[in-house]
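Single-letter residue listing:
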Protein chains: 2
Amino acid sequence: MTKPRNNPLILTPGPVSPPSFVMEAIAQTVIHQRSDAFVEFFTDLQKDLGYLFQTQYPVLSFPGTGTHAVEMALFSCFSEGDRVLVLDNGKFSHRWEVFARSWLDVVSLSSEWGQQIGMERLKKRLKEEKTGFKGVVITHCETSTGVEEDLEEMALMVRELAPGALVVVDAVSSLGALPLYIDAWGLDVVAGASQKGLMNPAGIGFVSLSPQAQARMSNSKGGAAFHLQPYLEYLKDGSYPYTPPTQMLYGIKAAAAAIRSEGLPRRWNRVHSLSQYFKKGVIELGGKLFGEANSDALTVFELPGRECESIKTALMQEHFIEIAGGQGHLNGKILRVGHFGPIVMNDIQSCLSALQQTLS
Amino acid sequence: MTKPRNNPLILTPGPVSPPSFVMEAIAQTVIHQRSDAFVEFFTDLQKDLGYLFQTQYPVLSFPGTGTHAVEMALFSCFSEGDRVLVLDNGKFSHRWEVFARSWLDVVSLSSEWGQQIGMERLKKRLKEEKTGFKGVVITHCETSTGVEEDLEEMALMVRELAPGALVVVDAVSSLGALPLYIDAWGLDVVAGASQKGLMNPAGIGFVSLSPQAQARMSNSKGGAAFHLQPYLEYLKDGSYPYTPPTQMLYGIKAAAAAIRSEGLPRRWNRVHSLSQYFKKGVIELGGKLFGEANSDALTVFELPGRECESIKTALMQEHFIEIAGGQGHLNGKILRVGHFGPIVMNDIQSCLSALQQTLS
């Protein structure tokens, strides 16, 4: 039996339940954004973000979710009618496709939800291209399906076959969870969020910008506070164009300190171990990984012959453990369990044990 | 002498220092946004927002600041090339003018910073108009100058002389601080933020939408997460289109409970009393209200013959009280002290006493 808790054990693939040291940091007294104390804090925070993103280039932060981060990245780096290739094989990558299609010249490279796009298809499409892409939008780990692409190899291939294209990455589920080297892999624009691997409440988005991406800043109209340019300009003075969400940024700083102290590679390995343990456990219980769901950030699985929503409800009602179901047409067909952020082995074991009891 | 504190007494006109009960609410455990518990919480929150905004119509909330709120309001309710009248007499109202001008057909009605636009000039301009405005953008209280317009009368006049125009209001500094009756005054679109009268950390923006405003929802391109339409649609099911900033919304709920318990009119009267007391004190110390600075939300004043930045610095260094200086070309020329949110009479008295010692 799991021991009684005041609050449910949250194992959804985000938002995570932030650890208490993060919430204590957020509860600190606010400092005014035009004070020296803020400049000092914000300049320090940039170093932490540089570590988390493994980049020497600016990492902008702003009020928002992962969706804001990706859309602000596209909005800021492309201009109306720009031709971009969007990899589309899940709820979130499809959202970028729909958003881009509303104002850009979009070529979509899609797979069924649960299937990778893969290197071969990307290679073929890039080689076929006559007009030339200004950007390639890759979702590193698709949270709706648990499918991860080989981002390092894909970026290398885009550099080789479409050298004029910016590599734009949705790293919302991978930041702080999966190996991610922004500069070493040559990723131009990388979008992340606070409520997953960074162990914070939802509400802060991030975008890193390579020099190539900065040089491409668009003149997109109709969304000034949605554009990254002012954030980039103010950052030079350790400052912020609008009232900064300072308290939320305190939380990011606290999480960054914890992650730096553990070390990113050790943290990535820990997520990998949780993932392997959980995936093995699910298969032993008669479950089946969904499609090509290969990511360590989360496990996405089916339970052949069982109705997933009732299993999910039983886990919550009988064991006070919250996991996620499927989104869109996958509703009721799959379950999703996160392995990042504050989640530890004991949590994963509790979840497997609860699953076992529910299924038996 | 002011008594020693661990943290400075923050009397800037936002961001305010949130009271501890707000921060404790924010530190509550997250609930997943697709759970019944979230729907219940969010539906309740809507009732609170309806009270705070004095409206029966939807009040949308999202990650953002006041700037996001106003720009999202404009972006969502107008389409490229729409003709709008923007009242422009300070840093923030000018920001709306610049933003609108980048994609709308803008007519600007401007005054020097520190001067009201006033009823007569608005009346004259509305009567002269041949083409017809689709919207009139009014900043209720301009935080950079302390100048307030007679919003109730202005809205009435727009209804009469430009019946096809949406009344769009920047209420960032007035929400929770100044009398504001959205439905009774016929305000179509009202933008607010968390970090002023609502006593919360920065990071949440709000926009209320009248039925007329909802019917006008634009098809603006290039900023999906910047558009209010998805928020409006999901709200019908007590839901949120993206990961909601749930913890921050807990803080709003806690503040709303405190404000409902005090009652809005009593709170507005309290802000009025603080303002009158402080304004009288400043004048007794030889200060002078800046221009037509008439708002109760904050006091904006000059100190003839004194350099304002050094006074501000001395207040911080010697009395641990943080107030704000002037923005833009008013830097060094004025001081600004807020009267809303968690600020009480004792704070205002401490500030006057510190000012007296600094000036003597």
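Here the structure is a predicted model, which means the values were calculated and not measured. (Residues numbered from 1 in each chain as written. Chains lettered and ligands numbered in written order. Predicted model: local features only at pLDDT ≥ 70, side-chain atom pairs only at ≥ 80, totals over all residues. Heavy atoms only, no water.)

Asker: A description of the overall build of chain A should follow, citing residues and the corresponding values.
Answerer: Regarding its fold elements, chain A presents 13 helices and 15 strands. The principal-axis extent of the C-alpha atoms belonging to chain A is close to 60 × 55 × 35 Å. Split into buried and exposed, the 360 residues of chain A put 65% on the buried side. Restricting the contact set of chain A to residue pairs at least 6 apart, pairs at least 24 apart contribute 72%. Within the structure as shown, chain A displays about 12,900 Å² of accessible surface, and the carbon and sulfur contribution to it stands at 50%. (Helix = DSSP H or I, 4+ residues; strand = E, 2+ residues; numbered from the N terminus. Buried < 20%, exposed > 50% of the residue type's maximum accessible area, 1.4 Å probe, protein only. Contact = heavy atoms within 4.5 Å. Areas by Shrake-Rupley, 256 points an atom, 1.4 Å probe, with all protein chains shown as cover.)

Asker: Describe the sheet that holds strand S2 (residues 59–64) of chain A, and please don't skip the residues or the numbers.
Answerer: Backbone-to-backbone hydrogen bonds join strands into a sheet, with any given pair of strands oriented parallel or antiparallel. All names here are of chain A. Reading across from one edge, S2-S10-S9-S8-S5-S3-S4 is the order of the seven strands in this open sheet, with mixed pairing throughout. With partners counted over all chains shown, the strands left at the sheet margins are S2 and strand S4 (105–110), one partner each. Looking at each pair of strands side by side, their axes are set apart by 20° on average, direction ignored. Taken together, the three bridges between strand S3 (residues 83–88) and strand S5 (residues 135–139) define a ladder with parallel strand orientation. (Pairing = 2+ DSSP bridges. Axes fitted to C-alpha atoms, helices over the stretch in contact; angles between N-to-C directions.)

Asker: Residue-level account of empty space enclosed by the protein, with values.
Answerer: According to the stated counting rule, one finds three cavities of 30 Å³ or more in the structure shown. In this structure, the largest cavity encloses a volume near 40 Å³. Lining the largest cavity, in full, are Pro63, His68, Met72, Ala225 and Phe226 of chain A together with Pro63, His68, Met72 and Phe226 of chain B. Contributing elements (two or more residues each) for the lining of the largest cavity: helix H3 (66–77) of chain A together with helix H3 (66–77) of chain B. Class assignment of the residues belonging to the lining of the largest cavity gives a composition of seven nonpolar, two polar and no charged. (1 Å grid on protein atoms, 1.4 Å probe; cavity = no way out; pocket = protein on both sides within 12 Å on 5 of 7 lines; lining within 4 Å. Points joined across faces, edges and corners; volume = space filled by probe spheres on them. Nonpolar A, V, L, I, M, F, W, Y, C, P; charged D, E, K, R; others polar.)

Asker: Break down the pattern of salt bridges for me, with residues and values.
Answerer: All names here are of chain A. One pass over the structure, following the stated rule, counts 30 salt bridges over all chains. Between Glu129 and Arg125 there is a salt bridge whose closest N-O contact spans 3.2 Å. Residue Glu129 shares its accessibility class with Arg125, and that shared class is buried. The residue Arg270 makes a salt bridge to Glu262 at a minimum N-O spacing of 2.6 Å. Here the residues in one salt-bridge network are Arg83, Asp105, Arg125 and Glu129, joined through shared partners. (Salt bridge = Lys/Arg side-chain N within 4 Å of Asp/Glu carboxyl O.)

Asker: An account of the interface of chain B and chain A is needed here, citing residue identities and associated values.
Answerer: Contact with chain B, which involves 47 residues of that partner, is made by 47 residues of chain A. Here chain B and chain A share an interface that buries about 3,800 Å² over both sides, 64% of which is from carbon and sulfur atoms. Between the two partners, chain B and chain A, sit zero salt bridges. Run the count over chain B and chain A and you get eight residue pairs in polar contact (both at pLDDT 80 or more). Elements with a contribution of two residues or more to the side of chain B that touches chain A: helix H1 (20–26), strand S2 (59–64), H3, helix H4 (91–101) and helix H10 (246–262) of chain B. Counted by class, the side of chain B that touches chain A contains 23 nonpolar, 19 polar and five charged residues. (Buried area = accessible area lost by both parts, 1.4 Å probe. Polar contact = N/O pair within 3.5 Å; in protein donor to acceptor, adjacent residues only side chain to side chain.)

Asker: I'd like a rundown of the pairing of strand S9 (residues 189–193) of chain B, residues and numbers included.
Answerer: All names here are of chain B. For S9, the tally of buried residues reaches five of five residues, placing the bulk of the element in the interior. Taking every second residue as pointing to the same face, both faces of S9 are buried, with Val189, Ala191 and Ala193 on one and Val190 and Gly192 on the other. Two strands pair when backbone bridges link them, and strand S8 (residues 166–170) and S9 are joined in this way by three bridges, in the parallel orientation. Residue pairing in the sheet places Asp170 in a bridge with Ala191 of S9.

Asker: Break down the layout of surface pockets for me, citing the residues and quoting the values.
Answerer: Of the voids in this model, the second largest pocket is the one considered here, and its volume is about 940 Å³. Going through the elements one at a time, H3, helix H4 (91–101), helix H12 (308–319), strand S13 (321–322) and strand S14 (324–325) of chain A together with helix H2 (36–53) of chain B are the ones with two or more residues in the lining of the second largest pocket. The greatest single-element share of the lining of the second largest pocket, amounting to five residues, is contributed by H12 of chain A. Class assignment for the residues of the lining of the second largest pocket results in twelve nonpolar, 19 polar and ten charged.

Asker: Lay out the packing of helix H11 (residues 264–284) of chain A against helix H13 (residues 345–359) of chain A with the relevant residues and their values.
Answerer: Residue and element names in this part refer to chain A. Packing of H11 against H13 brings their axes to within 10 Å, and their N-to-C directions diverge by 10°. In this view, H11 runs roughly parallel relative to H13, as classed from their interaxial angle. Contacts from Ser273, Leu274, Tyr277, Phe278, Gly281 and Val282 in H11 reach Met345, Ile348, Gln349, Cys351, Leu352 and Leu355 in H13. Residues of the contact of H11 with H13, tallied by class, amount to nine nonpolar, three polar and no charged. (Parallel < 35°, antiparallel > 145°, perpendicular 65-115°, else oblique.)

Asker: Report on the packing of aromatic side chains, specifying residues and quantitative values.
Answerer: Residues and elements named next belong to chain A. Counted by the stated rule, this structure contains 29 aromatic pairs over all chains. Their ring planes at 20° and their centres at 5.3 Å tell us that Phe38 and Phe42 sit as a pair that is stacked. With Phe38 and Phe42 both in helix H2 (residues 36–53) and four residues apart, this pair spans about one turn of that helix. For Phe38, a relative accessible area of 0% gives the class buried. Plain terms: the ring middles of Phe99 and Trp103 are 5.9 Å apart, the flat faces sit at 55° to each other, and that makes the pair tilted. Here Phe99 and Trp103 have matching classes, each one buried. Counting every residue linked through ring pairs, the aromatic cluster contains Phe38, Phe41, Phe42, Phe62, Tyr231, Tyr240, Tyr242 and Tyr250. (Phe/Tyr/Trp six-rings, centres within 6.5 Å; stacked < 30°, edge-to-face > 60°.)

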